[in-house]
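Architecture at a glance
Here is what each chain is made of, one letter per residue.
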Amino acid sequence: MAERSFDDDRLTGALTRETVKKNVAAIHISGKLTLLQRKLSNVLLLNAYDTLTTARSHTIDARTLAMMVGYNSNDVDSLRASLRALAETVAEWDMLDEQGHQEWGVSALLSFAKLKNGVCEYAYSPALAQKLHDPKIYALINVKIQRNFSSGHGLALYENCYRFVRTGSTGWWSLEIFRKLMGVDGSAYYESFKHLNAKIIKPAVAEVNKSSDIIIEPQTRKKGRAVSEIRFLIRENPQMAMFQIDDSDGLRNLPVYKALRGQGVSDRLARQWITEHGPDYVQEKLNYVAGQGDVKSSVGYLRAAIMGDYSPSEGGGGGARQAPVDPETQARLEAKRAEQAAAQAAEDAAFQARAAARRDRARHLDVVETLVSRRNPTQRDADKRLFQSRLESELDREHFRQHGWRSALNAASIIAFWQELEPDAFAEDEG
């Protein structure tokens, strides 16, 4: 139910297989889930995947789980209701095994779930866990992509098409099976293909093609004059793939990027400086260089200012002796010096404030590092994914991928994120 990877992460083992056998197993999850319940089931599977077939149960911080899915972290009742719905949802499979023998099975989607002391513990039946863990049968769906969906039918269709992306087609489904996948079986209204097509198929296909990394095209087959079966042709969405690889437009729209380009800095170097040092720091150095008057090489001076962390300071050095000046000129000079001294004092105060902020930031990031070290590997992965889901620009996400919880570009967001998760840890730090 969730995709092979988030961004550049790579799963190992079965997920590295490049081909899918012709007899792709069909495991059908009842479609009678709300959008949030469907997203919840994906997050739970993603959290459990690495130990799906070896651990009896799996745990995840309930607040983290709620935020990843989109619930208010304090809305325990909704989380309970959704977990109950998953425990009441049926997963059914009908497939050929490796020896060519037919196998049919049915299981509750969750065998149990409980909330205790802020932790959600849950489990899958052993038979279902084995099916969910095999990528020939079920593909992991990217929880980043699932956030784009606003319709449960759209997400359900995406889930059931995505695992066939390498074969290029879902194969033919009877309309009975399709209605079950969409959660509209048992509805007299959707017994009519006209209604099913207008209200379910067309809107869901449009959402998948607009919001995900695949493009699907429905095809139907008739028995007599009535439509009896449907399949979906599938190909990768090149626009979505391109967007995931490089979202440079977000960076290039930053004012600091445009200012750098105006100074003659190359596109590559401008993006490199902003990525490495953050937009605020680079803008500070731009302002510093602008205040130095004419220089032989503004780009070279700017490079030195960035690398050397230049900031305004009292000038030193010698020079030619000045001739005496008249009292009026002397007064103007003294006023000017007083103005400069006031500006310098303000700059010094600002510098001290920034230095104090950097010290606070470093101290808080030390707390973050300690908190991260206390989490188990599965939870650490979930924390990273949740934090990345909140980052709006590709620049921020890329910097976080490179530097993790020590990403200077994302320091404020990182600290705010962990203060929300573990407020007491930072309260102790302040004390």
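Below is a short write-up of the structure. (Residues numbered from 1 in each chain as written. Predicted model: local features only at pLDDT ≥ 70, side-chain atom pairs only at ≥ 80, totals over all residues. Heavy atoms only, no water.)

1. Quick word on the sheet that holds strand S9 (residues 226-236)
In spatial order, the strands read S7-S9-S8; together these three strands make up an open sheet with antiparallel pairing. On the outer flanks of this sheet lie strand S7 (173-174) and strand S8 (214-223), each paired with one strand and no other. The pairing of S7 with S9 spans two bridges and is antiparallel. Bridge pairing links Ser174 to Glu229 in S9. Helix-sheet contacts for helix H6 (residues 152-162) involve S7, S8 and S9, and the interaxial angle to S8 is about 90 degrees. (Pairing = 2+ DSSP bridges. Helix = DSSP H or I, 4+ residues; strand = E, 2+ residues; numbered from the N terminus. Contact = heavy atoms within 4.5 Å. Axes fitted to C-alpha atoms, helices over the stretch in contact; angles between N-to-C directions.)

2. Considerations on the environment of Val165
Here Val165 lies in the loop between H6 and S7. Remark: the alpha-carbon pair of Val165 and Ile215, spanning 50 residues in sequence, is separated by 9.5 Å. If we skip the residues at most four places from it in the chain, Val165 touches Ile214, Ile234 and Glu236.

3. Quick look at the packing of aromatic side chains
On inspection of all chains with the given rule, the structure shows 14 aromatic pairs. Judged by centre distance (6.4 Å) and plane angle (25 degrees), the rings of Trp173 and Phe178 are stacked. Between Phe417 and Trp418 the ring centres are 5.6 Å apart and the planes differ by 85 degrees, which places this aromatic pair in the edge-to-face class. Trp418 sits in the buried class, given a relative accessible area of 0%. Each member of the aromatic cluster is reached from another via a ring pair, and the members are Phe387, Phe400, Trp405, Phe417 and Trp418. Sitting above the plane of the Tyr281 ring, Lys285 keeps its charged end 4.9 Å from the centroid. (Phe/Tyr/Trp six-rings, centres within 6.5 Å; stacked < 30°, edge-to-face > 60°. Buried < 20%, exposed > 50% of the residue type's maximum accessible area, 1.4 Å probe, protein only. Lys NZ or Arg CZ within 6 Å of the ring centre and 35° of its normal.)

4. Considerations on the nonpolar core
In terms of nonpolar packing, the biggest core is built from 46 residues, with Leu44, Leu65, Tyr124, Trp405 and Trp418 touching the most fellow members. Filtering out sequence-adjacent residues up to four positions away, Leu65 remains in contact with Leu40, Val43, Leu44, Ile60, Leu79 and Cys120. Among the nonpolar cores identified, the runner-up in size contains 29 residues, and Ile145, Leu155, Leu181 and Ile234 belong to it. (Core = buried A, V, L, I, M, F, W, Y, C linked by side-chain atoms within 4.5 Å.)

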